[in-house]
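# Analysis of the macromolecular model
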Amino acid sequence: MTLRLLNTYGRKLQKFVPLKKNLVGMYTCGPTVWDYAHIGNFRTYVFQDVLRRYLKFKGYKVTQVTNITDVDDKTIRQSRETGVTLREYTKRYEEAYLADLAALNIERAEYYPRATEHIEQMVALANKLIRKGFGYEAEGSAYFDISKFKPYGRLSGARIRELKAGARVDSDEYGKDEARDFVLWKSWRPEDGDVFWETAIGKGRPGWHIECSAMSMKYLGSTFDIHSGGEDLIFPHHENEIAQSEAATGKRFVRFWLHSGMLLVAGRKMAKSSGNFFTLRDLLFKGHDPLAVRYLLMSAHYRAQLNFTEEALADAEKAVEALRGTWRRVKNVDTTNKQDNTQLRKLLSKEEREFERAMDDDLNTPRALAAVHRSARAVNRAMDQGEVSMKDAAAIPMFFSHLDKVLGILGEQMKTQELPEEAERLIRERDQARATKDWATADRLRKELLAMGIVVEDTPAGTVWKRKSQ
Ligand SMILES: [Zn+2]
């Protein structure tokens, strides 16, 4: 069975075959660590994790690179306003991001390169573009001349005819009707304070787009298999990445572009002002199970729009609990029945094939989840009727674990996961607060940990912790 994926580049369903036999190079656009990520971001991260896990399920070895954008207008402004260095400021949100990934049972990527640690590669790329005539300097900054790159706009279908030659844009994010020369390197301005690099291209800092081109090619080579992100990144971010990379190397940059759809909250676009804006912490703080959040985020096809409501989350919680219930029940089932239930075992193999067919079809998770639920119901019926032998009872958990390698919702492998660094720090701070009888601080820290999906208990032997979903 072959995996087919819808390539945004060309908008066609294509057979996925990696460039190098059995090795997949994948770049996933990561967070700008200026604040906590919201659940719309996590929808994309869960989709990327399911993709990663499914590639491994198919037998591929995956090298995933996720950038940490730790320098941009927002991080600079916020760090200056709060009076800390840029690194101190971004470190906190980088740790929070990694802790949130762990709570959602998202596997770690192989590399998390920070933008501030790859300035050299970005400057080299910008200089190469200038040398080759694709870039030019103006007022101390460097820009990419989109009129020189003929295929510009192919990924997004942007209305390139409307472009005015030489019109420049300095900000990293801009709308589709503003397609114009974008910034590769920004010259220093007084509001940047002490955030700048003295380089061959001048004193300043990189633009956002060049980060991803420079870091993806450093870790994955000039051409790699998969690049993905939310659909809001198609233009300008990914369009600009293609232009910079292909203009510099003369080679195709990415073979498969995959984009996830928008997340609406209660039918509307998420906005802080309309009160429907959630971080993962907000949801966990209310007592929701992080793996139910994960389930809900993968319950729609990744490219479809997903409407996030509290009712849908409650349903997801029930669905996950039902699967765990079956799982627990099988482990303790009475196996006095001597005869193996061949009918059940046949049904499970059939559903396993259906699961794989669904996932092969551009990662159709709703169809794959339906196969898992049908299997669980059949297993429950067999147990109700006492038709489960010892051999069946050993095979059934293996069936569910196998599929859960892709889904990651049973919480089974989470026991072996390490505690995120941020949680470790909070536990230490809480121990100190308890030692000085500062109960208010200890309680606040307990709640913060709970919001990360970690329950702490005080025992005579010290503090112990566990994940909320277990
Ligand atoms: Zn990116």
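About the criteria used
Within every chain, residues take consecutive numbers counted from 1 along the sequence as written. Given that the model is predicted, a residue must reach a pLDDT of at least 70 before its local features are reported, and side-chain atom pairs must reach 80 or more before they are shown or counted; all residues, however, enter totals for whole chains, interfaces and linings. To get the side-chain values, all heavy atoms of the structure are used, and hydrogens and water are removed first. The numbering of helices and of strands both runs from the N terminus, where a helix is a DSSP run of H or I of at least 4 residues and a strand a run of E of at least 2. Multiply 1.5 Å by the residue count of a helix minus one, and that product is the helix's expected span. Between buried and exposed lies partly exposed: a residue is buried under 20% and exposed over 50% of the maximum accessible area for its type, with that area taken using a 1.4 Å probe on protein chains only. At least two DSSP bridges between two strands are needed for those strands to be called paired. By convention a nonpolar core is built from buried Ala, Val, Leu, Ile, Met, Phe, Trp, Tyr and Cys residues, the set being connected through side-chain atoms within 4.5 Å. Contacts: residue pairs with any heavy atoms within 4.5 Å of one another. For helices, the axis comes from a line fit to the C-alpha atoms of the stretch in contact; other axes are also lines fit to C-alpha atoms, and the angle between any two N-to-C directions lies between 0 and 180 degrees. If an angle is under 35 degrees, it is roughly parallel; if it is over 145, roughly antiparallel; if it lies from 65 to 115, roughly perpendicular; otherwise it is oblique. Definitions for this section: a left-handed crossing has its near helix turned counterclockwise from the far helix by less than a right angle. A right-handed crossing has that turn clockwise. Residues are grouped as follows: Ala, Val, Leu, Ile, Met, Phe, Trp, Tyr, Cys and Pro are nonpolar; Asp, Glu, Lys and Arg are charged; every other residue, Gly included, is polar. Using a 1 Å grid laid over the protein atoms alone, points where a 1.4 Å probe fits but cannot get out form a cavity; open sets with protein on both sides within 12 Å along at least 5 of 7 lines form a pocket; any residue with an atom within 4 Å of a point counts as lining. Grid points are joined across faces, edges and corners, and a volume is the space filled by probe spheres set on the points. Classification of ring pairs rests on two measures: the distance between centres of Phe, Tyr or Trp rings, Trp counted by its six-membered ring, which must be within 6.5 Å, and the angle between planes, read as stacked under 30 degrees, edge-to-face over 60 and tilted in between.

## Section: helix α5 (residues 208–220)
For an α-helix, 3.6 residues make a turn, and residues three or four places apart therefore share a direction. For α5, built from 13 residues, the straight-helix expectation of 18 Å at 1.5 Å per residue is met to within 8% by its first-to-last C-alpha distance of 19 Å. Along α5, eleven of the 13 residues are buried, which leaves the element largely enclosed by surrounding structure. Every buried residue belonging to α5 is among W208, H209, I210, E211, C212, S213, A214, M215, S216, M217 and L220, and all of these are buried.

## Points about the pairing of strand β5 (residues 135–138)
Across four bridges, β5 lies against strand β6 (residues 141–144) in antiparallel orientation. Counterpart to E137 in the pairing with β6 is A142. Counted along the chain from β5 to the antiparallel partner β6, the turn is two residues long, and its residue E139 has a positive phi close to 50°.

## Focus: the nonpolar core
Ranked by size, the top nonpolar core spans 84 residues in total, and within it F16, L55, I226, F308, F355, L363 and F400 carry the most contacts. Among the elements that line this core, the one with the most residues is helix α1 (residues 39–57), at ten residues. Not counting chain neighbours up to four residues away, the residues in contact with L55 comprise L3, F16, V24, M26, Y60, V62 and I226.

## Side note on helix α3 (residues 86–103)
For α3, which comprises 18 residues, the first-to-last C-alpha distance of 26 Å matches the rise-based estimate of 26 Å (1.5 Å per residue) to within 8%. Counting buried positions along α3 yields 14 of 18 residues, so the element is predominantly enclosed. Just downstream of α3, N105 is the residue with a positive phi angle, here 60°.

## Thoughts on the packing of helix α4 (residues 119–131) against helix α6 (residues 234–249)
Where α4 contacts α6, the axes come no closer than 9 Å and their chain directions differ by 65°. With respect to α6, the element α4 is oriented roughly perpendicular. Along this stretch, α4 crosses α6, giving a crossing that reads as left-handed. Contact residues: α4 offers L125, K128 and L129, while α6 offers Q244, A247 and A248. Of the residues that constitute the contact of α4 with α6, the class distribution is four nonpolar, one polar and one charged.

## Digging into the layout of surface pockets
Put simply, the largest pocket is a space of about 1200 Å³. The wall of the largest pocket is formed by 42 residues, among which H38, N41, E173, D232 and L233 lie closest to the centre. Secondary structure elements with two or more residues in the lining of the largest pocket: α1, α2 (73–82), α3, β11 (224–230) and α6. Counting residues per element, the lining of the largest pocket draws most heavily on α1, which supplies four residues.

## Concerning the packing of aromatic side chains
Evaluated as defined, the whole model comprises 20 aromatic pairs. Look at F16 and Y60: their rings are 5.8 Å apart centre to centre, the planes differ by 90°, and that puts the pair in the edge-to-face class. Placement of the pair is F16 in the loop between β2 (12–15) and β3 (23–28) and Y60 in the loop between α1 and β4 (61–66), with a sequence separation of 44 residues. Each member of the pair, F16 as well as Y60, is classed as buried. Centre to centre, the rings of Y27 and F224 are 6.5 Å apart; their planes meet at 55°, and the pair counts as tilted. You can see Y27 sitting in strand β3 and its partner F224 sitting in strand β11, a full 197 residues away along the chain.

## Let's talk about empty space enclosed by the protein
The tally for this structure, following the rule as stated, stands at three cavities of 30 Å³ or more. In this structure, the largest cavity spans a volume of roughly 90 Å³. Together, T28, Y45, Q48, D49, Q64, T66, Y97, L101, I106, E107, A109 and Y112 line the largest cavity. At the level of secondary structure, the elements contributing two or more residues to the lining of the largest cavity comprise α1, β4 and α3. At three residues, α1 tops the list of elements feeding residues into the lining of the largest cavity. Partitioned by chemical class, the residues of the lining of the largest cavity number six nonpolar, four polar and two charged. In this structure, the second largest cavity spans a volume of roughly 80 Å³. Lining the second largest cavity, in full, are R43, V46, F47, V50, L297, M298, A300, Y302, L363 and T365. Within the residue set of the lining of the second largest cavity, elements represented by two or more residues are α1 and α8 (290–298). Broken down by class, the residue content of the lining of the second largest cavity amounts to eight nonpolar, one polar and one charged.

Don't take any of this as a statement about function, it's just geometry.
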